[in-house]
Amino acid sequence: MSMRSIVFCGVLIVAGAAVADETCNSPYMSKLIKGQEQFIHVWTLGVEGLGDGSDKLVTIDVDPKSKTYGKVIHRVSVGERGEAHHMGFTDDRKYLWAGGLDSSVIYVFDVGSDPAKPKLVRTISDLTATTGYVGPHTFYAMPGRMLIGNLSNAKTKDGVTGMAQYNNQGKLITKFDMPVGAVGGVKGDGYGYDIAINPAKNAMLTSSFAGWNNYMRDLGEVVGDPEAMKHFGGTMVMWDLKAMKPTKIFSVPGAPLEIRWSLNEGDNWAITAAALTSKLWLIKRDGEGTWQAKEVGTIGDPAKIPLPVDISISANGKGLWVNTFMDGTTHYFDLSNPEAPKETYTKVTGKQVNMVSQSWDGKRVYIASSLLAKWDKKGADDEQFLRAFNWDGKALTPAFEVDFTKEKLGRAHHMKFTARSSGQASLSVGSITLSDAH
Amino acid sequence: MRTSHAGLVALACALASIARAAVDPGSATAPQADFVPPAPGSYTLQRIQTCPDGVLLDATARTSRLSSHTTGKITLLTFFYTYCHDPWGCPFAYQTLTGLRERLLAEPELARRVRFVSVSFDPTHDTPAVLERYGSHLSDTRFEWRFLTARSVPELMPVLDGFGQDVSVVVDERGQPTRTVDHMLKLFLIDRHGIVREIYSLAFLQPQVMLNDIKTLALDESAGLAAIR
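First, a word on scope: everything that follows refers to the structure included in this document.

### Structural notes on the overall build of chain B
Right, on to step 1. Scanning chain B for helices and strands turns up seven helices and 11 strands.
Right, on to step 2. Within chain B, the proportion of its 229 residues that are buried is 57%.
Right, on to step 3. Within chain B, counting contacts between residues at least 6 apart in sequence, those at least 24 apart form 75% of the total.
Right, on to step 4. Total accessible area on chain B stands at roughly 9400 Å², and carbon and sulfur atoms take up 57% of it.

### Quick notes on the overall build of chain A
Right, on to step 1. Secondary structure assignment for chain A yields four helices and 34 strands.
Right, on to step 2. Radius of gyration (C-alpha) of chain A: 21 Å, near the 22 Å computed for a compact globule of 438 residues.
Right, on to step 3. Judged by the C-alpha coordinates and their principal axes, chain A covers about 80 × 50 × 50 Å.
Right, on to step 4. Residues classed as buried in chain A amount to 63% of the 438 residues present.
Right, on to step 5. Across chain A, every contact between residues at least 6 apart in sequence was considered, and the portion connecting residues at least 24 apart equals 56%.
Right, on to step 6. Of the roughly 15200 Å² that chain A leaves accessible, carbon and sulfur atoms contribute 51%.
Right, on to step 7. Here chain A holds 48 positive side-chain charges and 47 negative ones, and the gap between their average locations is 3 Å.

### Brief notes about the pairing of strand β23 (residues 291-298) of chain A
Residue and element names in this part refer to chain A.
Right, on to step 1. By the bridge criterion, seven bridges tie strand β22 (residues 279-285) to β23 in an arrangement that is antiparallel. Counted as the bridge partner of Leu280 is Gly297 from β23.
Right, on to step 2. The antiparallel hairpin formed by β22 and β23 contains five residues in its connecting segment, where Gly289 sits at a positive phi of about 85 degrees.

### Structural notes on the side chain of Asp213 of chain B
Right, on to step 1. Assignment of secondary structure puts Asp213 of chain B in helix α7 (residues 207-228).
Right, on to step 2. Engagement of the side chain of Asp213 of chain B in a polar contact is seen with the side chain of Lys242 of chain A, the distance being 2.6 Å.
Right, on to step 3. With sequence-adjacent residues up to four places away left out, Asp213 of chain B is seen in contact with Lys242 of chain A together with Tyr43, Leu45, Leu189, Glu198 and Tyr200 of chain B.

### What about the packing of aromatic side chains?
Residues and elements named next belong to chain B.
Right, on to step 1. By the definition in use, this model includes 27 aromatic pairs over all chains.
Right, on to step 2. Centroid distance Phe79 to Phe188: 6.4 Å. Interplanar angle 85 degrees. Geometry classified as edge-to-face. Here the residue Phe79 occupies a position in strand β5 (residues 74-80), and Phe188 occupies one in strand β10 (residues 186-190), the gap between them amounting to 109 residues. We note that Phe79, like Phe188, is buried.
Right, on to step 3. Measuring from centroid to centroid gives 6.2 Å for Tyr94 and Trp145, while their planes differ by 35 degrees, and the two rings are tilted. You can see Tyr94 sitting in helix α3 (residues 90-105) and its partner Trp145 sitting in strand β7 (residues 144-149), a full 51 residues away along the chain.
Right, on to step 4. Judged by relative accessible area, which is 29%, Tyr94 ranks as partly exposed.

### Quick word on the pattern of salt bridges
Side chains that carry opposite charge are capable of pairing whenever their charged atoms lie near each other.
Right, on to step 1. Taken as a whole and judged by the stated rule, the model has 40 salt bridges over all chains.
Right, on to step 2. The salt bridge involving Arg387 of chain A is made with Glu401 of chain A; its shortest N-O contact spans 3.2 Å. Linking Arg387 of chain A in strand β30 (residues 385-391) with Glu401 of chain A in strand β31 (residues 396-403), this pair joins segments that are 14 residues apart in sequence.
Right, on to step 3. Looking at Arg387 of chain A, the relative accessible area reads 14%, which means it is buried.
Right, on to step 4. Asp191 of chain B is paired through a salt bridge with Arg197 of chain B; the nearest N and O atoms lie 2.9 Å apart.
Right, on to step 5. On the basis of relative accessible area, Asp191 of chain B is assigned to the buried category, the value being 3%.
Right, on to step 6. Where salt bridges share partners, they join Arg145 and Lys242 of chain A together with Glu198 and Asp213 of chain B into one cluster.

### Some points on the sheet that holds strand β3 (residues 39-45) of chain A
Residue and element names in this part refer to chain A.
Right, on to step 1. Taken in spatial order, the four strands line up as β5-β4-β3-β32 in an open sheet, and their pairing is antiparallel. Whereas interior strands pair on both sides, the edge strands pair on one side only; in this sheet they are β5 (72-77) and β32 (411-418). Pairs of neighbouring strands in the sheet enclose a mean axial angle of 25 degrees, with direction left out of account.

### Remarks on the sheet that holds strand β25 (residues 319-324) of chain A
All names here are of chain A.
Right, on to step 1. Here we have four strands laid out as an open sheet, ordered β24-β25-β26-β27, and antiparallel in their pairing. One side of each edge strand has no neighbouring strand; the edge strands of this open sheet are β24 (308-313) and β27 (342-348). Strand-to-strand twist across the sheet, computed as the mean angle between neighbouring axes with direction ignored, equals 20 degrees.
Right, on to step 2. Strand direction decides the pairing type here: β24 and β25, joined by four bridges, are antiparallel. Following the sheet pairing, Ile313 is matched in β25 by Leu320.

### A few points about the environment of Gly234 of chain A
Residue and element names in this part refer to chain A.
Right, on to step 1. Counting through the fold element by element, Gly234 comes out in the loop between α4 (226-229) and β18 (235-240).
Right, on to step 2. Given a relative accessible area of 19%, Gly234 falls into the buried group.
Right, on to step 3. Sequence separation between Gly234 and Asp55 is 179 residues; the distance between their C-alpha atoms is 30 Å.
Right, on to step 4. Beyond its immediate chain neighbours, meaning those up to four positions away, Gly234 contacts Asp189, Ser208, Phe250, Ser251, Val252, Pro253, Gly254 and Pro256.

What counts, and at which threshold
- Residues numbered from 1 in each chain as written.
- Chains lettered and ligands numbered in written order.
- Predicted model: local features only at pLDDT ≥ 70, side-chain atom pairs only at ≥ 80, totals over all residues.
- Heavy atoms only, no water.
- Helix = DSSP H or I, 4+ residues; strand = E, 2+ residues; numbered from the N terminus.
- Buried < 20%, exposed > 50% of the residue type's maximum accessible area, 1.4 Å probe, protein only.
- Contact = heavy atoms within 4.5 Å.
- Areas by Shrake-Rupley, 256 points an atom, 1.4 Å probe, with all protein chains shown as cover.
- Rg over C-alpha atoms; globule rule 2.2 N^0.38 Å.
- Lys, Arg positive; Asp, Glu negative; His and termini not counted.
- Charge placed at Lys NZ, Arg CZ, Asp CG, Glu CD.
- Pairing = 2+ DSSP bridges.
- Polar contact = N/O pair within 3.5 Å; in protein donor to acceptor, adjacent residues only side chain to side chain.
- Phe/Tyr/Trp six-rings, centres within 6.5 Å; stacked < 30°, edge-to-face > 60°.
- Salt bridge = Lys/Arg side-chain N within 4 Å of Asp/Glu carboxyl O.
- Axes fitted to C-alpha atoms, helices over the stretch in contact; angles between N-to-C directions.

Below, the structure is given as structure tokens:
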């Protein structure tokens, strides 16, 4: 008997995609990286007079075995400055969507063909014209779609907003306004920020921040303006995911930001940090099966307004990194009992720190500096960097650093990880060859 | 060199597992559904995208447009290959679909308004004759399940790209393709006009939800027909 071995295509690409702060990705994401990430893509705000001044996607080699470890190996400028902020992969991890909070422009980068050299392949400029929303913030993959949580609206530019859903081809499917009426006895403020889905519970959580009027204004002015301080989100919303309808609104004062579901099998809770009150909140079902939100911990000294920003949960749901922007501190919380998180480690990792991403195995932690162009510190305190650390469970040890000012890149913001998928060949247009082995 | 078929498959699987060590292909457990899905008709299924078209081969080796298989009935379409061994890939989709078929057969009126379509990733191996042997017993007067392939990979690729169905071939340590196709499991729910209304990946492959979605589309269509009358 002759045996056939199949050669599917003429073009073999030992490439693919995968990621690093894996625990914050959508549950619909394929190809999680559970080993060593190879690249970090940093969505970077352009700074006038620095380099080309435009927002750009910066790619850094983070493979310790590489000759260019810790170096910038690629950059894609989008040719304008629009307050680059967050990004998110499509469900197949081939594309990275990124948004501008000021311009409301959405950029789609191909990171699947060659993660070392992302390409800008699509620009979506009509988000505001088609939805009325401003400030695309969270990019959350759903099967064949991208759900985008926005921060503001074109009419008042305050925090009342909604979510826009696109298909992966970049066409708007529909939009969902954040609730402003009462649901479950609590009145919605209509504000938006993060999105986090738990498919097994048919549950989607959203949080709330502030509108364009606040996030595009100098932080000192905002804090000094009592009226402006009234315009921060103070709610979270639980949605029936399938129906995309709000089922309960929780009162969570002080701008609840990033939301992370525990990925530990059997866990049934999510956690968030409220920026202005410096509190950790737990969202969990009570004994009767009803979702409840409750304050479970304090981050730093709330009286000093340390401003907790990004968080990163460990893959087993037992630990949580929290960055506080104002004091440049990275905190680690033991979440063994999510009802009572315990801060077990702190380290000043910069003069200002915002994003924090950990590898799936928890051994590597990456910190980026910028919060918002007009909220970042001034003068010598305006450090702009990506810093990599190794974590042995006891201390963060510096691994490498990229100075984004010295490199004339801009303000380092959101990070996403990729890696080439070894042992993969594309099933692309080419030839099928049947080789008979006798 | 002469190699047994079973040996080749085993080798491919071994190489595939090596190749996948760094990158997890997806969830390692069956999807959980710890909730009561909303009732059929109580929610809206969005119009996600128009189905791509292309020329395919059916199990009798006749060529036809894909659109002839994705319109006229509520359609659940998936891509597969007959010799897939990934327990959370094609076999799991097959198990889900056969279970759903049984539930639909319990409601004959609804079953007549639904079809399944399975399109092979591998036109080289999965010839019409292979598909005939693989799936002919699943389609009868009570329920329609069509198995399709392509004349070539170049003819299949636009269909895959149009659906956003990622796929790659696992290669061995020498860079040679194995018989393992790495793909993200997706099922596409399509209305009778050829519009994709829901996409299920592994985390979302919940039979009761899928049945309710089918009923929701059927209710939409009935309401639409009533309005026309």
